[in-house]
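Residue-level structure breakdown
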Amino acid sequence: MLRHAIAFALLAASAAAAEGLEVQPVAPGIWAIEGPAEQRNPSNLGNNATFGLIETGAGAVLVDPGGSRAGAKALHEVVRGLTDQPVAYVIDTGGQDHRWLGNGYWKDQGATVIASAAAVEDQAARGSMQLTMLSALIGEALAGTEPVQADVTFEAAYTLELGGRVIEIRHPGGAHTPGDSFAWVPDAKTVFTGDIVYVGRVLGVMEFSDTAAWLDSFAAIEALDPAHLVPGHGPATTLAQARAETRDYLLNLREKVGAHLEAGGDIIGVVEVDQSGFAHLAQFDALARRNAQAAFQQMEWE
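These numbers come from a predicted model, not from an experiment. (Residues numbered from 1 in each chain as written. Predicted model: local features only at pLDDT ≥ 70, side-chain atom pairs only at ≥ 80, totals over all residues. Heavy atoms only, no water.)

Let's talk about the nonpolar core
- Ile196, Val197, Trp214 and Val257 are the most contacted members of the largest nonpolar core, which totals 35 residues.
- Broken down by element, the residue count for this core peaks at eight residues, all from helix H7 (residues 284-299).
- Beyond its immediate stretch of four places on either side in the chain, valine 257 contacts Val270, Val273, Ala292, Ala295, Phe296 and Met299.
- In this structure, Ala60, Ala119, Ala141 and Leu142 belong to the second largest nonpolar core, which totals 31 residues. (Core = buried A, V, L, I, M, F, W, Y, C linked by side-chain atoms within 4.5 Å. Buried < 20%, exposed > 50% of the residue type's maximum accessible area, 1.4 Å probe, protein only. Helix = DSSP H or I, 4+ residues; strand = E, 2+ residues; numbered from the N terminus. Contact = heavy atoms within 4.5 Å.)

This is the structure we're talking about:
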């Protein structure tokens, strides 16, 4: 009886820890793990993004570690339900908090962390601010989270061969953050895009984003012609949806902001440029006007 009670308690704890993380099978041995589309909070542990898992014969590869130590532990509970393989490698796809602040947990489990050099530089520059932000947003759930960076870094490309599977990690240039990368699994024609692709919601253009380079990074993904695409935010999807909701949004934003600049418009008036074709996307009201101003500030110096 006691053994059964302990087992039940452990299962209940695991379910609670993984609450809000939705598993989506993508291809054999490949899953998307989607966090809730909401602000970071004590319930989601900073895991408000989409992560990925790749199973091989010699260990598993996790795409992005979680947004806090507790968030990484919650991801681990999900991973244990999908594969018996230990996580041997973690890929940080960028510099946002949910792309790297769970690293310390995974390194303690014996995993090797891989990231672009540009991502590591961005993480070092913004890590203190991210931890301050998370302290306010997730509170005590941040306990134990430390800014731990990658073991292996690369400039433009890195090939990981593990258990008969090849994973090509590429940093084509900046996008949402300066170090954004994607991971391509050729045998499954699956790409994990990190923050280069958002679906189901409006993407965020920040002061450290580069909208022109973002389109180039998207084109590098497009050239792969993936059958399956796991975005940085939103459910597993198709290249067609990624084009419609990320590429086309950026193209429209740059076109409309560029025309506003050419007409002598200022940063106050740029919030009125027409983005109505994307009003159906979540967070449109919260982000569209801010995105226009951020794009304006970048493009006036191009």
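So, the packing of aromatic side chains
- According to the stated counting rule, one finds four aromatic pairs in the structure shown.
- With 6.3 Å between their ring centres and 50° between their planes, tyrosine 198 and tryptophan 214 make a pair best called tilted. With tyrosine 198 in the loop between strand E11 (190-192) and helix H5 (211-222) and tryptophan 214 in helix H5, this pair connects stretches of sequence that are 16 residues apart. Summarising the burial analysis for this pair, tyrosine 198 and tryptophan 214 share the class buried.
- Taking the ring centre of phenylalanine 208 as reference, the NZ or CZ of arginine 126 above it sits at 3.8 Å. (Phe/Tyr/Trp six-rings, centres within 6.5 Å; stacked < 30°, edge-to-face > 60°. Lys NZ or Arg CZ within 6 Å of the ring centre and 35° of its normal.)

Topic: the pattern of salt bridges
- Summed over all chains, the structure comprises 14 salt bridges.
- In this structure, aspartate 97 and arginine 40 form a salt bridge, with 2.6 Å as the shortest nitrogen-oxygen distance. On the criterion of sequence distance, the pair formed by aspartate 97 in the loop between strand E5 (87-92) and helix H3 (103-108) and arginine 40 in the loop between strand E2 (30-34) and strand E3 (50-56) is long-range, its members being 57 residues apart.
- One salt bridge in this structure joins arginine 247 and aspartate 248, with 3.0 Å as the shortest N-O distance. (Salt bridge = Lys/Arg side-chain N within 4 Å of Asp/Glu carboxyl O.)

Re the sheet that holds strand E7 (residues 152-154)
- Spatial strand order, E1-E2-E3-E4-E5-E6-E7: seven strands in an open sheet with mixed pairing. Each end of this open sheet is capped by a strand with a single partner; those strands are strand E1 (22-27) and E7. Averaged over all neighbouring strand pairs, the angle between strand axes comes to 20°, with direction disregarded.
- Pairing analysis gives five bridges linking E1 to E2, with the strands arranged antiparallel. Each bridged residue has a counterpart across the sheet, and for proline 25 the counterpart in E2 is tryptophan 31.
- In the packing of helix H4 (residues 117-138) onto the sheet, contacts are made with E5, strand E6 (112-116) and E7, and the angle to E6 comes to roughly 95°. (Pairing = 2+ DSSP bridges. Axes fitted to C-alpha atoms, helices over the stretch in contact; angles between N-to-C directions.)

Looking at the environment of asparagine 47
- Tracing the backbone shows asparagine 47 in the loop between E2 and E3.
- Since its relative accessible area comes to 2%, asparagine 47 is described here as buried.
- Placed 166 residues apart in sequence, asparagine 47 and alanine 213 show a C-alpha to C-alpha distance of 26 Å.
- In this structure asparagine 47 touches Leu21, Gly35, Pro36, Gly66, Gly67, Gly71, Ala74 and Leu75, once residues within four positions along its chain are discounted.
- Within polar-contact distance, the side chain of asparagine 47 engages the backbone nitrogen of glycine 67 at 2.9 Å. (Polar contact = N/O pair within 3.5 Å; in protein donor to acceptor, adjacent residues only side chain to side chain.)

Keep in mind these values describe shape, not function.
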